[in-house]
Amino acid sequence: TYFEKLNNQSARPPYVVNNLDYDNHGFKQSIIQWESEDLITPDMWLPLEVSRGCAFNCAYCNYDRKSNTDSFKDPEVLYDELIRNYELWGTTKYVLVDDLYNDSKSKVRILHDRVWSRLPFKPQWVSYMRLDMIWADRESAEIMLASGARGGSFGIETLNEKAGKKVGKGLGPARIIETLEFLKETWNDQVMVEGLFIAGLPYEPIDSIESTIDWAIDTNLLHSYAFTPMWITPPLHKDLVLKTSTLSDQY
């Protein structure tokens, strides 16, 4: 069949790849090496890999490296990559393609001290962040701002406490709003805060979703927001994907 041929490495076109084609053994020493043919200009926001893997295990996520703390690049390698881009292309702005930036207290501090604060320019970057990590470590918000954070996308998912606990987001509505208020005061709109939500989580009725939408529209604690329908991998598709979510495995 077509899919059997696609999964056969020898039959696959060279430009069709997936996660199974690569290991992560050399990641911490790797860089994205841009060349003149890429036509990089100083105003571009370049993609940058800081780490791989996610320490968390959210029930809706089908990432094949969740519950994996592969940690982050060698700080000196990352520093040299940023210096090279700055000297060759004038690059100071980055979109971090990691699944999560603030997955540990030590990571936030090490990268500030050994990478971002040492640069001869003021970096700017945007990334996915986790709200409960800031609730537990308030100082990290100031450290990320000093490191160059200018945008944070937060997977809030829901303000329904029961639904949040079911999928691994147990901060609860009161602490979610408390932490967002703290960020409003600490970041003072210097970092754009995006709230990401999932509609259709277990145990969340429609009126709860509608209430959250109304809150997101009215609040001044978010600069932007997005709602995505809950995805369950259809049974007929499960053999075609690398990994299914915990919720998908239940159906």
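Quick caveat: nothing in here was measured; it's all calculated off a predicted structure. (Residues numbered from 1 in each chain as written. Predicted model: local features only at pLDDT ≥ 70, side-chain atom pairs only at ≥ 80, totals over all residues. Heavy atoms only, no water.)

Within the open sheet, the 6 strands sit side by side as β1-β2-β3-β4-β5-β6. Their pairing is parallel. At either end of the open sheet lies a strand with only one pairing partner, and these are β1 (45–48) and β6 (224–229). For this sheet, the mean angle separating the axes of adjacent strands, direction not counted, is 20°. Examined bridge by bridge, strand β2 (residues 93–96) and strand β3 (residues 124–129) share 3 bridges and lie parallel to one another. By the bridge assignment for β3, V95 is matched with V126. Sitting on the sheet, helix α5 (residues 139–147) touches β3 and β4 (149–157), and the angle it makes with β4 is about 140°. Where helix α7 (residues 173–187) meets the sheet, its contacts fall on β3, β4 and β5 (192–199), and the angle it forms with β4 comes to roughly 175°. (Pairing = 2+ DSSP bridges. Helix = DSSP H or I, 4+ residues; strand = E, 2+ residues; numbered from the N terminus. Axes fitted to C-alpha atoms, helices over the stretch in contact; angles between N-to-C directions. Contact = heavy atoms within 4.5 Å.)

In this section: α5. Residues of α5 that are buried include every one of S140, A141, I143, M144, L145 and S147, and no others. Check the buried side of α5 and you find it contacts α3 (105–114), β3, α4 (131–136), β4 and α7. Once α5 finishes, G148 follows within two positions and takes phi at roughly 120°, a positive value. (Buried < 20%, exposed > 50% of the residue type's maximum accessible area, 1.4 Å probe, protein only.)

The biggest cluster of nonpolar side chains holds 45 residues, and the ones touching the most others in it are W116, W125, M144, F154, I156, L180 and W187. Ignoring any residue separated from it by four or fewer positions in sequence, one finds L180 in contact with L131, I156, V193, W215, L221 and L222. (Core = buried A, V, L, I, M, F, W, Y, C linked by side-chain atoms within 4.5 Å.)

This part covers the pairing of β2. Burial along β2 is one-sided: Y94 and L96 are buried, while K93 and V95, pointing the other way, are not. Sheet analysis places β1 next to β2, joined by 4 bridges and oriented parallel. Across the sheet, residue L48 finds its bridge partner in β2, namely L96. Remark: the β2/α3/β3 crossover connection has right-handed handedness. (Right-handed = clockwise from strand over helix to strand, strands pointing away.)

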